[in-house]
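Analysis of the macromolecular model
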Amino acid sequence: MVSLEIKCEMDILPRHFKNVSIPEEIKSAIGEKITILRKIQQMGVPSARVNQVKDEIIHNFKRNSLPYFTSSSFPAKAILSEIRKSRKSDHISAATIEFLCAK
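Residues numbered from 1 in each chain as written. Predicted model: local features only at pLDDT ≥ 70, side-chain atom pairs only at ≥ 80, totals over all residues. Heavy atoms only, no water.

1. Some details on the overall build of the chain
What the chain contains, in helices and strands, is five helices and two strands. Going from the N terminus to the C terminus, the chain shows its helices and strands as β-α-β-α-α-α-α. For the chain, the residues scored as buried account for 30% of the 103 residues in total. Once local pairs closer than 6 in sequence are excluded, the contacts in the chain between residues at least 24 apart make up 70%. In the form shown here, the chain has an accessible surface area of approximately 6,900 Å², with 50% of it arising from carbon and sulfur atoms. (Helix = DSSP H or I, 4+ residues; strand = E, 2+ residues; numbered from the N terminus. Buried < 20%, exposed > 50% of the residue type's maximum accessible area, 1.4 Å probe, protein only. Contact = heavy atoms within 4.5 Å. Areas by Shrake-Rupley, 256 points an atom, 1.4 Å probe, with all protein chains shown as cover.)

2. Here's the deal with the packing of aromatic side chains
By the definition in use, this model includes four aromatic pairs. An angle of 85 degrees between the planes, with centres 5.3 Å apart, marks the rings of Tyr68 and Phe74 as edge-to-face. Accessibility expressed as a relative area gives 5% for Phe74, which makes it buried. On the basis of an interplanar angle of 45 degrees and a centroid distance of 4.9 Å, the ring pair of Phe69 and Phe74 is categorised as tilted. Classification of Phe69 by relative accessible area gives buried; the value is 17%. (Phe/Tyr/Trp six-rings, centres within 6.5 Å; stacked < 30°, edge-to-face > 60°.)

3. Some thoughts on the nonpolar core
If you look at the biggest cluster of nonpolar residues, it comprises 19 residues, and the most contacted ones within it are Ile12, Phe17, Ile26, Ile30, Ile34 and Ile79. Elements with a minimum of two residues in this core: α1 (21-30), β2 (33-42) and α4 (74-86). The biggest single contributor to this core is α4, with six residues. (Core = buried A, V, L, I, M, F, W, Y, C linked by side-chain atoms within 4.5 Å.)

4. A few points about the environment of Gly31
Within the fold, Gly31 resides in the loop between α1 and β2. Taking the C-alpha atoms as reference, Gly31 lies 9.1 Å from Asp11; in sequence the two are 20 residues apart.

5. Thoughts on α1
Note: α-helices contain 3.6 residues per turn, so residues at a spacing of three or four share the same orientation. For α1, the set of buried residues is Ile22, Pro23, Ile26, Lys27, Ala29 and Ile30. Looking down the long axis of α1, one finds its buried residues gathered within 165 degrees of arc, a one-sided arrangement. A positive phi of about 110 degrees marks Gly31, the residue just after α1. (Arc of directions from axis to C-beta.)

6. Digging into the pattern of salt bridges
Counted according to the given criterion, the structure contains six salt bridges. With a shortest N-O distance of 3.6 Å, Glu9 and Lys7 are connected by a salt bridge. According to the relative accessible area criterion, Lys7 is exposed, its value standing at 53%. One salt bridge in this structure joins Glu9 and Lys33, with 3.9 Å as the shortest N-O distance. On the criterion of sequence distance, the pair formed by Glu9 in strand β1 (residues 2-11) and Lys33 in strand β2 is long-range, its members being 24 residues apart. The exposure class of Lys33 is partly exposed, given its relative accessible area of 41%. It is possible to trace a salt-bridge network through shared partners that takes in Lys7, Glu9, Asp11 and Lys33. (Salt bridge = Lys/Arg side-chain N within 4 Å of Asp/Glu carboxyl O.)

Structure, rendered in structure tokens:
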């Protein structure tokens, strides 16, 4: 088996948002940064192919997922996802969540 873990840590910064009051509200609810963790696994890999499969997984991640991570809308979407995942949306105003959803 080949297993890769991809980790992205992102500070919550005012430049990620059009409305400057939003970062402070979000930071007070979920903290100063978010961490996005992706685990990618491929089972049944022969020992002789481990390095090749690892390279293929990295290539596929760069081709398919990296454009999402580099998009200008990524920070707000990632933060909204973290809010939903952490179930802390009750600490953030409906207007802020609506603003993030509208992106």
